[in-house]
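# Fold and contact review
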Amino acid sequence: MAVIKQDDVIQSVADALQYISYYHPVDFIQAVHEAYEREESPAARDAMAQILINSRMCATGHRPICQDTGIVTVFARVGMNVQWEGATMSLDDMINEGVRQAYNNPDNVLRASILADPAGKRTNTKDNTPAVIHYQVVPGDSIEFDVAAKGGGSENKSKMVMLNPSDSIVDWVLKTVPTMGAGWCPPGMLGIGIGGTAEKAAVLAKESLMDSIDIHELRARGPQNRVEELRLEIMDKVNALGIGAQGLGGLTTVLDIKIKDYPTHAASLPVCMIPNCAATRHAHFVLDGNGPAVLEAPPMDAYPDITWEVGTGVRRANMDTLTPEEVQTWKSGETVLLSGKMLTGRDAAHKRMVDMLNKGEELPVDLKGRFIYYVGPVDPVREEVVGPAGPTTATRMDKFTRPILEQTGLLGMIGKAERGPIAIDAIKDHKAVYLMAVGGAAYLVAQAIKKAEVVAFPELGMEAIYEFEVEDMPVTVAVDSTGESAHITGPAIWQKKIAESLAVEVK
Ligand code: SF4
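Residues numbered from 1 in each chain as written. Predicted model: local features only at pLDDT ≥ 70, side-chain atom pairs only at ≥ 80, totals over all residues.

Moving on to the overall build of the chain. Secondary structure assignment for the chain yields 15 helices and 19 strands. The C-alpha radius of gyration of the chain comes to 23 Å, within 12% of the 23 Å expected for a compact globule of 507 residues. Each of the three principal axes of the chain carries a C-alpha extent, and together these read 75 × 60 × 45 Å. Looking at the chain residue by residue over its 507 residues, the buried ones come to 48%. Sequence-distant contacts, at least 24 apart, represent 78% of the contacts inside the chain between residues at least 6 apart. (Helix = DSSP H or I, 4+ residues; strand = E, 2+ residues; numbered from the N terminus. Rg over C-alpha atoms; globule rule 2.2 N^0.38 Å. Buried ≥ 20, exposed ≤ 12 C-beta atoms within 10 Å, placed from the backbone. Contact = placed C-beta atoms within 7 Å.)

Printed below as a string of structure tokens:
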């Protein structure tokens, strides 16, 4: 009979969260590398190169893969014969203490992103607690844990439907994935839960994402049941949509499709789909009374030795002297290396600024002629000026874009993923620009930031307005001043190319 100690649970959870903040699973690195090797779209290939370089840098620097270090999700399978020694806390409290210790680790501080009172004051809990915990009580005398840290950008793109039993799951997935845009930072995985009830399908979808990428093995041995057939069919058909890495158009959107199913009511076919992003983070360990879990670091030769070179003709821009006329010559899909000073701001800062503008109040920062970067950085450690600082999903700022452009004279925005029609129209009307940095390459992006200072709303923590001074920060023009969006043209071009090459194969 295993005797489990409270401190072993706390330490193991804390260690696992630190581990997954800087180590991708090896199967994920291999799958992105394979996709990178076969990718023909230059923009998607560049994005995957940045994701892979970032992954290696995080593994050596022990700093987070992404500035969004996630909401913690734990699946615990608790053996019925487990005994506890000197436990004073509930298992929930032990897990949350592990979360607290991991996110406040001074050697690798992680970003606290969890807000209490979600429909009200939305107050940061400051230590990323509480985790979302699922339990099963199973025969045995050990506890198995799956520990994950799920980014908000990809979690926000989760979809749920109650289909009619005769409806096609594949059709629903193919209709739904394009509506998810690029805010889930593809390439990644889709976790699909089928059956049970509405809430069961959602838990199954999330649990399916705890498995390793193994679609290649499935393809090699052939499907043996309906779920395996669905995995292959959905994988091929989603990739044929041409969405590509970061939604810029390309051959690989998904690296694997995971499905878990459960019996359901004769009248129902619940389906939930949850994407996992470029910052796929999960670890697995078993406590059997022999002390805390030990997770081996991936071998360094698991990381491909990739370099990312900007082409010779790449445009460089100094934001301190940039004019609107110059910005208007930038074309959708172009790469630009940005230097100079930019401001930052995301959801809470935008809401506050627009509220102030509506009341006729003066903003604490002058946005005229400036660029604003949608980011909530990780706090710095050691000699860093700022921690990992990749872009957040720009689509959430769409509703603020017109009033900000109209009333402040802002010149451009930097974020990740596509802009919706209301933002594109505002960008076009004001001849502004929207630039995109690679989501999931946050530590790499942070290397371009040479100075960082909070200039407004310090009480918002990671959502405060900073001024960054950057040098050669690589971005792609995602919406140019004429309103052309690389997230619309790119996937359309690649969907057509893939369809043509499939038609040739069939002939
Ligand atoms: S990779 Fe993208 S979706 Fe994933 S945590 Fe980072 S920003 Fe969020």
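Now, onward.
Each assigned domain of the chain is listed here: domain 1 (153-278) and domain 2 (315-490). Summarising the inter-unit geometry, the C-alpha centres of domain 1 and domain 2 are found 32 Å apart. Taken residue by residue, the interface counts twelve residues in domain 1 and twelve residues in domain 2. Classifying every residue of the side of domain 1 that touches domain 2 gives five nonpolar, seven polar and no charged. (Domains from an automatic or database assignment. Nonpolar A, V, L, I, M, F, W, Y, C, P; charged D, E, K, R; others polar.)

Below, the discussion takes up the site of the ligand. Near the ligand lie 14 residues; those nearest to it are Gly151, Gly153, Cys185, Cys277 and Gly440. When the residues that make up the shell around the ligand are grouped by side-chain class, the tally is six nonpolar, seven polar and one charged. Looking at the shell around the ligand, you find at least three residues from each of domain 1 (153-278) and domain 2 (315-490). (Near = placed C-beta within 6 Å.)

It is worth spelling out the nonpolar core at this point. Judged by nonpolar contacts, the single largest core of 141 residues is most densely connected at Val13, Leu17, Val32, Met48 and Leu435. Residues from two domains meet in this core; each of domain 1 (153-278) and domain 2 (315-490) gives at least three. What Val32 contacts, discounting residues up to four positions off in sequence, is Met48, Ile51, Leu52, Pro187 and Leu255. (Core = buried A, V, L, I, M, F, W, Y, C linked by C-beta atoms within 7 Å.)

A few words on helix 1 (residues 6-22). Between its first and last C-alpha atoms helix 1 spans 25 Å; for 17 residues at 1.5 Å apiece the expected length is 24 Å, and the two agree. Counting buried positions along helix 1 yields 14 of 17 residues, so the element is predominantly enclosed. (Expected span 1.5 Å × (residues − 1).)

An ideal rise of 1.5 Å per residue puts 18 Å on 13 residues; helix 2 (residues 26-38) measures up with 19 Å between its terminal C-alpha atoms. Burial in helix 2 covers these residues: Phe28, Ile29, Ala31, Val32, Ala35 and Tyr36. The buried residues of helix 2 occupy one face: seen down the axis, they fall within an arc of 165°. Among the exposed residues of helix 2, those pointing more than 90 degrees away from its buried face are Glu37 and Arg38. Packing partners of the buried residues in helix 2 comprise helix 3 (42-61) and strand 10 (254-264). (Arc of directions from axis to C-beta.)

Our focus in this paragraph is the packing of helix 12 (residues 398-408) against helix 13 (residues 421-429). It is the contact of helix 12 with helix 13, at a shortest axis distance of 7 Å, that shows an interaxial angle of 20°. Our classification of the angle between helix 12 and helix 13 gives roughly parallel. Seen along the crossing, helix 12 lies across helix 13 with a hand that is left-handed. Packed against helix 12, whose contacting residues are Asp398, Lys399, Thr401, Arg402 and Leu405, the element helix 13 presents Ile422, Ala423 and Ala426 at the interface. (Axes fitted to C-alpha atoms, helices over the stretch in contact; angles between N-to-C directions. Parallel < 35°, antiparallel > 145°, perpendicular 65-115°, else oblique. Left-handed = near helix turned anticlockwise from the far one by under 90°.)

A word on the packing of helix 1 against helix 4 (residues 91-103). Between two packed helices, both the angle of their axes relative to each other and the distance between the axes serve to describe the pair. It is the contact of helix 1 with helix 4, at a shortest axis distance of 7 Å, that shows an interaxial angle of 45°. With respect to each other, helix 1 and helix 4 are oriented oblique. Of the two possible hands of crossing, helix 1 and helix 4 adopt the one that is right-handed. Facing Gln6, Val9, Ile10, Val13, Ala14, Leu17 and Gln18 of helix 1, the residues of helix 4 in contact are Met94, Ile95, Glu97, Gly98, Val99, Gln101 and Ala102. Looking at the contact of helix 1 with helix 4 residue by residue, the class counts come to nine nonpolar, four polar and one charged.

Here we take up the sheet that holds strand 2 (residues 71-79). Spatially, the four strands line up as an open sheet ordered 6-2-7-12, and their pairing is mixed. The sheet is open, and its two edges are formed by strand 6 (132-138) and strand 12 (282-287), each paired on a single side. Ignoring strand direction, the axes of neighbouring strands in this sheet form an average angle of 15°. The pairing of strand 2 with strand 6 spans seven bridges and is classified as parallel. (Pairing = 2+ DSSP bridges.)

Geometrically, the link from Thr129 to Pro130 is a cis peptide bond, its omega value of 0° lying close to zero. Note on placement: Pro130 falls in the loop between strand 5 (123-124) and strand 6. The residue Gln246 is not glycine, and still its phi comes out positive at about 60°.

The next thing to look at is the environment of Asp7. Locating Asp7 in the fold gives a position in helix 1. Classification of Asp7 as partly exposed rests on a count of 16 C-beta atoms within 10 Å. Separated by 78 residues in the primary sequence, Asp7 and Glu85 place their C-alpha atoms 9.9 Å from one another.

In this section: the sheet that holds strand 9 (residues 188-196). Judged by pairing direction, the sheet is mixed, and its four strands sit side by side in the order 8-11-9-10 without closing on themselves. The open sheet is flanked by strand 8 (159-163) and strand 10, the only strands paired with a single partner. Along the sheet, successive strands turn relative to each other by an average axial angle of 15°, direction set aside. In this sheet, strand 11 (residues 269-276) lies alongside strand 8 in antiparallel orientation, the contact comprising five bridges. Pairing of Met162 across the sheet is with Pro270, part of strand 11.

This part is about the environment of Lys206. Residue placement: Lys206 occurs in helix 7 (residues 198-208). Expressed as a C-alpha distance, the spacing of Lys206 and Lys359, which sit 153 residues apart in the sequence, is 43 Å. With residues near it in sequence (within four places) discarded, Lys206 still touches Thr73, Gly191 and Ile274.

Right, let's talk about the environment of Gly79 for a bit. Secondary-structure assignment places Gly79 in strand 2. Distance in space between the C-alpha atoms of Gly79 and Tyr374 is 45 Å, their sequence separation being 295 residues. With near-sequence residues (within four places) excluded, Gly79 lies in contact with Ala2, Val138, Pro139, Gly140, Asp141, Ser142 and Ile143.

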